[in-house]
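Next come the chains, spelled out residue by residue.
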Amino acid sequence: MKKLNSSLITHFFSLLSVFVLSGCVIGGNGYSLKGISIPPNVNTFYINEVDNQTQTAPPTLSQTFRQQLNDKIRNESRLKNDDVNPDIEFKAVISDYIVSAQSPEPGQTNAFNRLNITFRVEYINNLNEDEGWDTAKRFNHFADFETNENLIDRQDDLIDEILEEITERIFNQAFTNW
């Protein structure tokens, strides 16, 4: 019985290894990891200065967003940052930075506040216009915080949480065929 169990466990981990390793492929058509697909001729990217069109967003939000998206692309792809003649470019605008009070849902006793941030992002492929986005896409996300908490005290953590989700969506939209 013990031999059967260890055999099953060994078989299970062998199959698991195959599934994990099959998620990462480097081939003649480019770079692919978990569905990420970057043509082999695309080697560089650049993120333009982010325009803040809101009156309420902190002045550092533009740079924070730009840095997080830059880090995401550098860390999760083979692309290099190049501001001179990039193969692909991102242009972004902060279009909304809204704090709103939320009513309690049925079954809840407390209301909460919500910070919602929206970006409009253009993706330009300078090597192949057809692979860019025809129009800017909207990316937004929110994070909730307690009504007794001061936004200023929680703002940095909330922004990081929101930007993590937004940069993930931008990355996936730009580099996957979903």
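The following paragraphs examine the structure supplied in this document. None of the values given here were measured: they were computed from a predicted structure.

### So, the pairing of strand β7 (residues 88-102)
Two strands pair when backbone bridges link them, and strand β4 (residues 44-47) and β7 are joined in this way by three bridges, in the parallel orientation. What sits directly across from Tyr-46, in β7, is Glu-89. Pairing analysis gives two bridges linking strand β5 (residues 51-52) to β7, with the strands arranged parallel. Each residue of the ladder has a partner; that of Asp-51, found in β7, is Val-93. Pairing of β7 with strand β8 (residues 112-125), which is carried by 14 bridges, proceeds in the antiparallel orientation. Bridging from a neighbouring strand, Ile-88 pairs with Asn-125 of β8.

### Considering the pattern of salt bridges
Per the stated rule, a full pass over the model turns up seven salt bridges. Note that Arg-114 and Asp-144 form a salt bridge whose closest N and O atoms lie 2.8 Å from each other. Of this pair, Arg-114 sits in strand β8 while Asp-144 sits in strand β9 (residues 137-146), and the two are 30 residues apart along the sequence. Note on Arg-114: relative accessible area 19%, which makes it buried. In this structure Asp-144 comes out as partly exposed when scored by relative accessible area, which is 34%.

### Quick look at helix α2 (residues 61-76)
With 16 residues, α2 ought to run about 22 Å at 1.5 Å a step, and its terminal C-alpha atoms sit 22 Å apart, in line with that. All buried positions along α2 are accounted for by Leu-61, Ser-62, Phe-65, Arg-66, Leu-69, Asn-70, Lys-72 and Ile-73. Buried residues of α2 fall within an arc of 165 degrees about the axis and therefore sit on the same side. Tucked into the core, α2 has its buried residues touching β4, β5, β6 (80-81), β7, β8 and α3 (151-175).

### Focus: the nonpolar core
Core analysis: the biggest nonpolar cluster contains 36 residues, and Phe-90, Phe-119 and Phe-175 have the highest contact counts within it. Beyond its immediate sequence surroundings of up to four residues, Phe-119 is in contact with Val-50, Leu-61, Phe-65, Val-93, Ile-94, Ser-95, Lys-137, Arg-138, Phe-139, Leu-163 and Ile-166.

### Looking at α3
With 25 residues, α3 extends 34 Å from end C-alpha to end C-alpha; this agrees with the ideal 36 Å at 1.5 Å per step. Asp-157 marks the point of greatest bend in α3, at about 30 degrees. For α3, the capping residue at the N-terminal end is Asn-150, with a side-chain oxygen 3.0 Å from the backbone nitrogen of Ile-152.

### Considering the packing of α2 against α3
Contact pair α2 / α3: the axes reach a minimum separation of 10 Å and the direction vectors enclose 50 degrees. One element, α2, and the other, α3, form an angle in the oblique class. Viewed along their axes, α2 and α3 form a crossing whose handedness is right-handed. Side by side, α2 and α3 meet where Leu-61, Thr-64, Phe-65, Gln-68, Leu-69, Lys-72, Ile-73 and Glu-76 of the first sit next to Ile-159, Asp-160, Leu-163, Glu-164, Ile-166, Thr-167, Glu-168, Ile-170, Phe-171 and Phe-175 of the second. Taken together, the residues that form the contact of α2 with α3 break down as ten nonpolar, three polar and five charged.

### Some words on the side chain of Lys-72
Among the secondary structure elements, Lys-72 is positioned in helix α2. Of note is the side chain of Lys-72, whose polar atom sits 2.8 Å from the side chain of Glu-76. For Lys-72, the contacting residues outside a window of four places in its chain are Thr-167, Glu-168 and Phe-171.

### Looking at the side chain of Thr-176
Along the polypeptide, Thr-176 turns up in the segment after α3. Among the polar contacts listed, one links the side chain of Thr-176 to the backbone oxygen of Asn-172, at a separation of 2.3 Å.

### Points about the environment of Glu-76
Position of Glu-76 among the secondary structure elements: in helix α2. Overall, Glu-76 belongs to the partly exposed group, its relative accessible area being 32%.

The rules we used
- Each residue is numbered by its place in its chain's sequence as written, counting from 1.
- A pLDDT threshold of at least 70 governs which residues receive local features in this predicted model, and a stricter bar of 80 or more applies before side-chain atom pairs are shown or counted, although totals over entire chains, interfaces and linings include all residues.
- Side-chain numbers here rest on the full set of heavy atoms in the structure, without hydrogens or water.
- A pair of strands is considered paired only if DSSP assigns at least 2 bridges between the two.
- Numbering of helices and strands runs from the N terminus; a helix is a DSSP stretch of H or I covering at least four residues, while a strand is a stretch of E covering at least two.
- Criterion for a salt bridge: a side-chain nitrogen of Lys or Arg within 4 Å of a carboxyl oxygen of Asp or Glu.
- For each residue, the accessible area found with a 1.4 Å probe, counting protein chains only, is set against the maximum for its type, and the residue is called buried under 20%, exposed over 50%, and partly exposed in between.
- Given the number of residues in a helix, its expected span is that number minus one, multiplied by 1.5 Å.
- By construction, the arc corresponds to the directions joining the helix axis to the C-beta atoms.
- Residue contacts are counted whenever heavy atoms from the two residues lie within 4.5 Å of one another.
- Within this scheme, the nonpolar core is defined by two criteria: the residues are buried Ala, Val, Leu, Ile, Met, Phe, Trp, Tyr or Cys, and they are joined through side-chain atoms within 4.5 Å.
- Throughout, the bend at a residue refers to the angle made by two axes, fitted to the seven residues ending there and to the seven starting there.
- Polar contacts here mean pairs of N or O atoms no more than 3.5 Å apart (in protein, one a potential hydrogen donor and the other a potential acceptor; neighbouring residues in sequence count only if both atoms are side-chain atoms).
- Lines are fitted to the C-alpha atoms to define the axes, a helix being fitted only along its stretch in contact, and any angle between axes, read from their N-to-C directions, falls within 0 to 180 degrees.
- Any angle from 65 to 115 degrees is called roughly perpendicular, while one under 35 is roughly parallel, one over 145 is roughly antiparallel, and all others are oblique.
- By convention, the crossing between two helices is left-handed when the near helix turns anticlockwise from the far helix through less than a right angle, and right-handed when the turn is clockwise.
- In this classification, Asp, Glu, Lys and Arg are treated as charged, Ala, Val, Leu, Ile, Met, Phe, Trp, Tyr, Cys and Pro as nonpolar, and every other residue, Gly included, as polar.

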